[in-house]
Every structure is written in structure tokens, then in C-alpha cells.
Amino acid sequence: MYLTKLTFDALKEMFLGAKSIMEWLADYSKAIAKTNKAVCWTTPLGLPVVQPYRKPGKKQLIKTLVQTVVLLDEADDLPVSTARQTSAFPPNFVHSLDSTHMMLTAMACKEAGITYGSVHDSFWTHAGTIEKMSEILGQEFYNLHSQPILEQLNENFKIKYPNVILPPIPKRGNMDLALVLQSPYFFH
């Protein structure tokens, strides 16, 4: 336990900006969920995302010869689960950005005539087009993360959840995102 605590304390110190953003996302989603609304947002690609996490309704046990199956009523009229909305939103939001980056990369590879495949954060192409795909990965990452993503999320939430008191957006760090474009090992 001692080493685990030291490791996590060191990570918090090293990734202070990421930690403050994750806490902001969690605080935001908690404030929204307390109004009994599911957290919803739109990705930079324009795709709507809704977290379906609600408090479970009635349970129904179905026993078979092989197993017992539990069916839960998770209808849209059940109360929102504040804990599940809060804990799920930060990683789900980041995953939505990762999938946006993946889709932008796929579209740029198609436009460049590069054979492309991917699963989650693993990208593939033929050996002869690895360098070009690597350039595309960096460029699309730069293009995506140069946008004011948190500011846009904040504005969308103000419109969607006008009665929620919103925490202030964390301060932006001073990393030069353009360095990604020069990094030969940005995405390996």
C-alpha cells in the first residue's frame, strides 16, 4: 500500500492539469446529475452522447438449468444515479475525444489513399505508409485539441442545463501543442 500511495501521489503531481480537468468534469457531472438529468454532450464531430446511468428499478430473477439471470429495469423514467453519472463522465468524455481523433484520422487516411485499421487507440497501416499515417495522427490530434473543447462543453452545458451552477473551467496549461507535430514518437 505504501508504494501504491507514493506512485499515485507522484502521478497527481506530474499530471496536475489532467487531474484538475478530471475533477472539473466530475464536479460538473455531479451538479447535473443532482438535478435528476443524465449527462449529455456532443463530440467535436457532432455526435450526441448520453450517459444512461440510472438507479436500478425492479429486479427479476430467471432461473434456468444452467444459470440464474438477473434482469434489471433501467427505464428512462427512473431516477438518475448521481454516483454512476459522476464517476463515468470524465473517462467517457475522454473516450469520446479519443474516438473523435480516431475518426478524424480514418477520414484523413482515406483522403490520403492510405489503408487504415484501428481498435480503440491502436492504429494500423501497411509498412510503406507508417510514416505518413504517423504524420496524419499528429496533425489530427493537433487539429482536434487546438479547439477550445472545454469552453465549448461549458457553453453547451449552460444551454442544456440552465439551472445548474457550474464550476469554473480549469486554467489552460502552457504546453505548446504544436510540439506534437515535431515528435517522431508521438503515437507508437
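Just so we're clear, the structure is a prediction, and the values are computed from it rather than from any experiment.

### Notes on the pairing of strand 3 (residues 59-63)
And then number 1: With 0 of 5 residues buried, strand 3 is to be regarded as a mostly surface element.
And then number 2: Pairing of strand 3 with strand 4 (residues 68-72), which is carried by 5 bridges, proceeds in the antiparallel orientation. Bridged to Leu61 within strand 4 is Val70.

### Topic: the packing of helix 3 (residues 82-112) against helix 5 (residues 149-160)
And then number 1: It is at 13 Å that the axes of helix 3 and helix 5 come closest, and there the two elements cross at 120°. When the axis of helix 3 is compared with that of helix 5, the two are oblique. Handedness of the crossing formed by helix 3 with helix 5: right-handed. Contacts from Phe89, Phe93 and Leu97 of helix 3 reach helix 5 at Ile149, Leu150, Leu153 and Phe157.
And then number 2: Partitioned by chemical class, the residues of the contact of helix 3 with helix 5 number 7 nonpolar, no polar and no charged.

### A short note on the packing of aromatic side chains
And then number 1: Evaluated as defined, the whole model comprises 8 aromatic pairs.
And then number 2: Their ring planes at 75° and their centres at 5.0 Å tell us that Trp24 and Tyr28 sit as a pair that is edge-to-face. Remark: Tyr28 and Trp24 occur in helix 2 (residues 16-33); sequence separation between them is 4 residues, near one turn of the helix. Both residues of the pair, Trp24 and Tyr28, count as buried.
And then number 3: Judged by centre distance (4.9 Å) and plane angle (70°), the rings of Trp41 and Phe89 are edge-to-face.

### What about helix 5?
And then number 1: Taking 1.5 Å per residue, 12 residues should reach 16 Å; helix 5 reaches 16 Å between its end C-alpha atoms and fits that length.
And then number 2: What helix 5 keeps buried is the set Ile149, Leu150, Leu153, Asn154 and Phe157. In an axial view of helix 5, the angular spread of the buried residues amounts to 135°, which keeps them on one side of the axis.

### Overview of the packing of helix 3 against helix 4 (residues 130-145)
And then number 1: One way to put it is that helix 3 packs onto helix 4 with a least axis distance of 9 Å and a crossing angle of 130°. In terms of orientation, helix 3 and helix 4 fall into the oblique class. The hand of the helix 3/helix 4 crossing is right-handed. When helix 3 is examined against helix 4, the residues Leu97, Thr100, His101, Leu104, Thr105, Ala108, Cys109 and Ala112 are found in contact with a partner set consisting of Met133, Ile136, Leu137, Glu140, Phe141, Leu144 and His145.
And then number 2: Classifying every residue of the contact of helix 3 with helix 4 by side-chain character gives 10 nonpolar, 4 polar and 1 charged.

### A short note on the side chain of Ser96
And then number 1: Within the element layout of this structure, Ser96 appears in helix 3.
And then number 2: Judged by relative accessible area, Ser96 falls into the buried class, the value being 7%.
And then number 3: Contacts of Ser96, omitting those with residues within four sequence positions, involve Trp41 and Thr43.

### Digging into the environment of Gln147
And then number 1: With respect to the helices and strands, Gln147 occurs in the loop between helix 4 and helix 5.
And then number 2: For Gln147 and Pro44, which are 103 residues apart along the polypeptide, the C-alpha to C-alpha distance reads 8.9 Å.
And then number 3: Beyond its immediate chain neighbours, meaning those up to four positions away, Gln147 contacts Pro44, Gln152 and Arg172.

Each value, and the rule that gives it
Residues numbered from 1 in each chain as written. Predicted model: local features only at pLDDT ≥ 70, side-chain atom pairs only at ≥ 80, totals over all residues. Heavy atoms only, no water. Buried < 20%, exposed > 50% of the residue type's maximum accessible area, 1.4 Å probe, protein only. Helix = DSSP H or I, 4+ residues; strand = E, 2+ residues; numbered from the N terminus. Pairing = 2+ DSSP bridges. Axes fitted to C-alpha atoms, helices over the stretch in contact; angles between N-to-C directions. Parallel < 35°, antiparallel > 145°, perpendicular 65-115°, else oblique. Left-handed = near helix turned anticlockwise from the far one by under 90°. Contact = heavy atoms within 4.5 Å. Nonpolar A, V, L, I, M, F, W, Y, C, P; charged D, E, K, R; others polar. Phe/Tyr/Trp six-rings, centres within 6.5 Å; stacked < 30°, edge-to-face > 60°. Expected span 1.5 Å × (residues − 1). Arc of directions from axis to C-beta.

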